Amino acid sequence: MKVPPCFDDPETRKIIRQICDEHSLDVDLLKDMCEIVGKYSGSGRRFGLDEEIAGAVDRFLSRSN
Amino acid sequence: MYLSRLHLQNWRSYADAVFEFKEPTQRKSVVLVGAMNGHGKTSFLVSLYLGLFGKFGLRYCEGFRREETNSGESYRSALGKYRRNHADPSEPTIIDLTLTPTHLDTNEDDVRIVRRWFFNNKNEPKQGEAFEQVDVYVGGRLLRTADSGKDPLALADERVERSLFPAHVAPAFFFDGEQAQELIEKMGEPGIKKAAEVMFGTKVVAEAAQTISEYLIRARQAAGGKRKASERQLDLEAKIAERDRLNEQIAKAQADHLKLEHEKDERESERNQLQEEFVRLGGGNLDAAKLQADVDHAQKSVEAAEKSLTATVSSLGLSLSVTGLVPKILNRLKQEETLESWEGLKKGTLDNKEKVLAAALPEPPESDPLLGNIAPDIRKKVRERIATALERIYNPPPPNCAESYLLGHVKGERRAKVRVRLDEVQCGVSAKVRNSAKQLRSAREAVEELRARLNRSENVPEKTKEVREKLDKLNTQNQEISRKLGSIENELRKLKADLHTLNVEIGNIQDDLAKLGPEQRRIAVAERVNRALEDLQEKLKPTTTNRLEDVVTRHFVAIADKRFRGGRIHLPNGGTPEIELADGTRALLEMFSGFEKRSFAIAFSLALAEITRRRIPLVIDTPLGNADSAYRPRTLRSLTDFDLDQTIILTHDKEVTHDLVDGIKGSILQTFLVEYHGSEIGSVVVPDKYFES
């Protein structure tokens, strides 16, 4: 699954960065979330989804520490 | 990504035909497929919709409206029509197509979709699940659909969309030039725009927000139920429940808003049609409701002008009361000024009388060499005569001289100032009253003219009156809808502000909870991610539209006539596209000529490809149609100059002629000629061939 094009576009990247600052997050975490959701989208499968989300959050927390 | 292979079996005029497409290069990416009318151009195009998206693709096929394609029966019936007439009943109809990544597509695999439709021995579509079968191969591996518990066809369609592109996007990349009008109409619906959002990634963002929201419910449950939860946790859950309610209210208000907007659009469109009918019936510009509003407005102007005149007159009351006396006072002051001046001269002369006499008759007489020797009594008489003569110099008083002073308290400089002030009052009063009266006269004339037009509008035929009444009714309804819309917008603003406050409170509680343990910390971060994704959705929507408008405009202006230069395309929500010309006037694109609409469709496709950087092949059936000689090369150049992986042009011999082919020779990768050899053999595909020159 590719990252949604809005993460590659210079104009929308600015918006994303600004929103991340407002919510004390980083762009990588949002990218990871979109990638994970995109990976499971349409498959009807949920097994492993929560672990992947938790893993992305943990990676963010260790980046922040 | 490019279409590398298309195999059609028992498909309309194709008995069994294969198109093998070469891998495009950066310089050569155009494929010309030549076919005379009825030989298989549209069948090629339709095979892409139905081969890729099955039942969902039918809505984009000529002759099948969306409402007709919802039932399985109409889908079966449509496939019955697309099946080749002379097909052997034991053989299915097959569309087998493969899309292959180019060197520019990273981490992507070949996607092959094989769709088969089965028929009974009467060549009628089979019932139920026996009718259709689809196999999806990604990277040569068949994707399993049987054991997921979902409908295998629906699952296959989802996988095609995930592996390639959403079905909504198909009409923007595979289209019949003749159907450009329909594409524009569909733009009025959210369809294509939604497709742009899908391709731009905003749909994934929305999906991510929803998924994280579901994750949070599960994570909170896992972190401890209510019984174990601390007071703070309970507080958090109460706030979250409140937020859910608020979100529901927001969703309902947004749905109501959308519904009302659609209703308004429908009424507006009905109103425009009625207005056109009204004009056609001879109502001309006599829009009764508007005229009545104009009359009311003009009447208000008359009242305002009357008030202004009254106010002018009353504010100048004192001035006006003296204005009638001003000329008399001015005249009197002038007379008294003359009197004062005369008296001054006379007094000066008389004050110098003794000096004059002393000069004329020096004393003593002995000192007067001329008259010193005359008798003293004569000398006295001469003296008296000179004195009298001196006094007579200023007698009688000059004309216009006052006899006495009535306004004797106003003299010299003071009198001059009073005269200037009186002149100003006289002029000022006249000008103000004159202006107010002029405004009143103009306003009254305007009312009379509008009333006359209104009267004329009331004397139009019965049918026209009916239309006008309907128009009035629609105007009233529209006003009511606008009022309701405004009210919902206010409510939404308030709800969103409440939501923001609640989110801050929830965030604070979560920060506190985050100090408790790793699960709570994860929940706190996921909550923030959820909010960030929701904000992102809101903010990306206008950006996506703006970008699309910018890029569509650039491509359209490059193709279209020079009168559109400096213009801008607008894609209004829920409305058909408009173009704003350089002089600021706006026009609906659907009112333009057929080829201008076709140019728009091409520009839209190129724009979508550009902003999303999706390398989807572009397939256009008769892109030039009836374009004039200036449009033809420009359109072809736009298609060939644009950096697309593959552009397949389906054309007949009179459209992309040899002259035009010569102009784009450097970009042509491959040609095909499709020839129809009668009902038994059907359409035959001949590679590397084109129409004879």
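Everything here concerns the structure above.
Predicted model, so just to flag it, every value in this text is computed and none were measured.

Analysis parameters
Residues numbered from 1 in each chain as written. Chains lettered and ligands numbered in written order. Predicted model: local features only at pLDDT ≥ 70, side-chain atom pairs only at ≥ 80, totals over all residues. Heavy atoms only, no water. Helix = DSSP H or I, 4+ residues; strand = E, 2+ residues; numbered from the N terminus. Buried < 20%, exposed > 50% of the residue type's maximum accessible area, 1.4 Å probe, protein only. Contact = heavy atoms within 4.5 Å. Areas by Shrake-Rupley, 256 points an atom, 1.4 Å probe, with all protein chains shown as cover. Salt bridge = Lys/Arg side-chain N within 4 Å of Asp/Glu carboxyl O. Axes fitted to C-alpha atoms, helices over the stretch in contact; angles between N-to-C directions. Parallel < 35°, antiparallel > 145°, perpendicular 65-115°, else oblique. Nonpolar A, V, L, I, M, F, W, Y, C, P; charged D, E, K, R; others polar. Pairing = 2+ DSSP bridges. Polar contact = N/O pair within 3.5 Å; in protein donor to acceptor, adjacent residues only side chain to side chain. Core = buried A, V, L, I, M, F, W, Y, C linked by side-chain atoms within 4.5 Å. Phe/Tyr/Trp six-rings, centres within 6.5 Å; stacked < 30°, edge-to-face > 60°. Lys NZ or Arg CZ within 6 Å of the ring centre and 35° of its normal. Disulfide = S-S within 2.5 Å. Patch = residues over 30% accessible without salt bridge, like charges linked within 9 Å, V, L, I, M, F, W, Y side chains within 5 Å. Lys, Arg positive; Asp, Glu negative; His and termini not counted. Charge placed at Lys NZ, Arg CZ, Asp CG, Glu CD.

## A word on the overall build of chain A
- A count of helices and strands for chain A gives three helices and zero strands.
- Ordered by position from the N terminus, the helices and strands of chain A form the series α-α-α.
- For chain A, buried positions account for 48% of its 65 residues.
- Here the analysis covers contacts within chain A between residues at least 6 apart in sequence; of these, 44% occur between residues at least 24 apart.
- For chain A, the computed accessible surface area is about 3200 Å², with 50% contributed by carbon and sulfur atoms.

## Considering the pattern of salt bridges
All names here are of chain B.
- In the structure shown here, the tally under the stated rule is 34 salt bridges over all chains.
- Note that Lys22 is salt-bridged to Asp688, the shortest N-O span being 3.9 Å. With a gap of 666 residues between them, Lys22 in the loop between β2 (14–20) and β3 (30–35) and Asp688 in the segment after β15 (683–687) connect regions that are remote in the sequence.
- By relative accessible area, Asp688 is classed as exposed at 55%.
- Here the residues in one salt-bridge network are Arg5, Glu20, Asp96 and Arg112, joined through shared partners.

## Let's talk about the packing of helix α3 (residues 49–64) of chain A against helix α16 (residues 518–559) of chain B
- Where α3(A) contacts α16(B), the two axes come as close as 10 Å, and the packing angle between them is 95 degrees. Put simply, α3(A) runs roughly perpendicular to α16(B). Listed contacts from α16(B) to Ala54(A), Val57(A), Asp58(A), Phe60(A) and Leu61(A) of α3(A) are Arg521(B), Arg522(B), Val525(B) and Arg528(B).
- When grouped by side-chain class, the residues that make up the contact of α3(A) with α16(B) number five nonpolar, no polar and four charged.

## Focus: the sheet that holds strand β12 (residues 618–621) of chain B
All names here are of chain B.
- Read across the sheet, six strands follow the order β8-β12-β13-β3-β14-β15 without closing on themselves; strand pairing throughout is mixed. At either margin of the open sheet sits one strand with a lone partner, and together these are β8 (174–176) and β15. Shown here is a sheet whose adjacent strand axes are inclined to one another by a mean of 15 degrees, direction ignored.
- Alignment of β3 against strand β14 (residues 668–676), held across six bridges, turns out to be parallel. Within β14, the position partnered with Ala35 by the bridge is Val674.
- Docked against the sheet, helix α1 (residues 41–57) engages β3, β8, β12 and β13 (647–651), running at close to 145 degrees with respect to β8.
- In the packing of helix α18 (residues 631–641) onto the sheet, the strands contacted are β3, β12 and β13, and the crossing angle to β13 comes to about 150 degrees.

## Here we look at the interface of chain B and chain A
- In this complex, chain B contributes 34 residues to the contact, which on the side of chain A involves 37 residues.
- Here chain B is connected to chain A by three salt bridges.
- A salt bridge links Asp58(A) to Arg522(B), with the shortest nitrogen-to-oxygen separation between them at 2.7 Å.
- Taken together, the connections running from chain B to chain A amount to five residue pairs in polar contact (both at pLDDT 80 or more).
- Within the residue set of the side of chain B that touches chain A, elements represented by two or more residues are α3 (152–163), α6 (190–200), α7 (202–223) and α16 of chain B.
- Considering every element that reaches the side of chain B that touches chain A, the biggest residue donor is α16(B), with 14 residues.
- A class-by-class count of the residues in the side of chain B that touches chain A yields 14 nonpolar, five polar and 15 charged.

## Some thoughts on the nonpolar core
- Formed by 100 residues in total, the largest nonpolar core has its most connected members in Trp11(B), Phe19(B), Phe44(B), Leu50(B), Leu52(B) and Phe174(B).
- If you tally residues by element for this core, the top one is helix α17 (residues 594–612) of chain B, at 11 residues.
- Leave out the neighbours within four places in its chain, and Phe19(B) touches Ser4(B), Arg5(B), Leu6(B), Leu8(B), Tyr14(B), Val33(B), Phe44(B), Phe672(B), Val674(B) and Val685(B).
- Within the second largest apolar cluster, 37 residues are counted, among which are Ala56(A), Val205(B), Tyr215(B) and Ala532(B).

## Focus on the packing of aromatic side chains
All names here are of chain B.
- For the structure shown, the criterion picks out 15 aromatic pairs over all chains.
- Note on Trp11 and Tyr82: the rings are 5.2 Å apart at their centroids and 25 degrees apart in plane angle, and the pair reads as stacked. Pair noted here: Trp11 is in strand β1 (residues 2–11) and Tyr82 is in helix α2 (residues 72–82), with a separation of 71 residues, a long-range link. Each member of the pair, Trp11 as well as Tyr82, is classed as buried.
- Summarising the aromatic geometry, the rings of Phe564 and Phe592 are spaced 5.3 Å apart at their centres and angled 35 degrees between planes, so their arrangement reads as tilted. Pair noted here: Phe564 is in the loop between α16 and β9 (568–570) and Phe592 is in the loop between β11 (586–588) and α17, with a separation of 28 residues, a long-range link. The same class applies to Phe564 as to Phe592, namely buried.
- Linked through ring pairs, Tyr14, Phe19, Phe21, Phe44 and Phe672 together constitute an aromatic cluster.
- The ring of Tyr631 has Arg634 lying over it, and the distance from NZ or CZ to the ring centre is 5.0 Å.

## Section: the state of the cysteines
Residues and elements named next belong to chain A.
- Within the structure shown, the criterion is met by zero disulfides over all chains.
- Looking at Cys6, it has no disulfide partner, and the nearest cysteine sulfur is the one in Cys34, 6.6 Å off.
- On the accessibility criterion, Cys6 (0% relative accessible area) is buried.
- Residue classification places Cys34 among the buried residues on the basis of a relative accessible area of 0%.

## Observations regarding a negative patch on the surface
Residues and elements named next belong to chain B.
- A cluster of acidic residues, Glu261, Asp265, Glu266, Glu270 and Glu489, forms a negative patch at the surface.
- Looking at the negative patch, the element that brings in the most residues is helix α8 (residues 231–283), giving four residues.
- Tracing the sequence through the fold places Glu266 in helix α8.
- Since its relative accessible area comes to 54%, Glu266 is described here as exposed.

## Description of unusual backbone geometry
Residue and element names in this part refer to chain B.
- That bond from Glu363 to Pro364 is cis: its omega, -15 degrees, falls within 30 degrees of zero.
- Positioned with a positive phi, Arg12 is a non-glycine residue whose angle comes to about 50 degrees.
- Within the element layout of this structure, Arg12 appears in the loop between β1 and β2.
- One non-glycine residue, Thr622, lies in the positive phi region at around 45 degrees.
- Along the chain, the position of Thr622 falls in the loop between β12 and α18.
- Judged by relative accessible area, Thr622 falls into the buried class, the value being 8%.

## Overview of the side chain of Thr100(B)
Residue and element names in this part refer to chain B.
- As for its position among the elements, Thr100 is in strand β4 (residues 93–100).
- A polar contact of 2.7 Å, which involves the side chain of Thr100, links it to the side chain of Ser4.
- Among the polar contacts made by the side chain of Thr100, one reaches the side chain of Asp110 at a distance of 3.4 Å.
- Setting aside residues no more than four positions away along its own chain, Thr100 makes contact with Met1, Tyr2, Ser4 and Asp110.

## Describing the packing of helix α2 (residues 27–40) of chain A against α16(B)
- Between α2(A) and α16(B), whose axes approach to 11 Å, the crossing angle comes to 85 degrees. The angle between α2(A) and α16(B) falls in the class roughly perpendicular. Residues Leu29(A), Leu30(A), Met33(A) and Cys34(A) of α2(A) form the contact with α16(B), whose own contacting residues are Val525(B), Val529(B), Ala532(B), Leu533(B) and Leu536(B).
- A breakdown of the residues in the contact of α2(A) with α16(B) according to their chemical character gives nine nonpolar, no polar and no charged.

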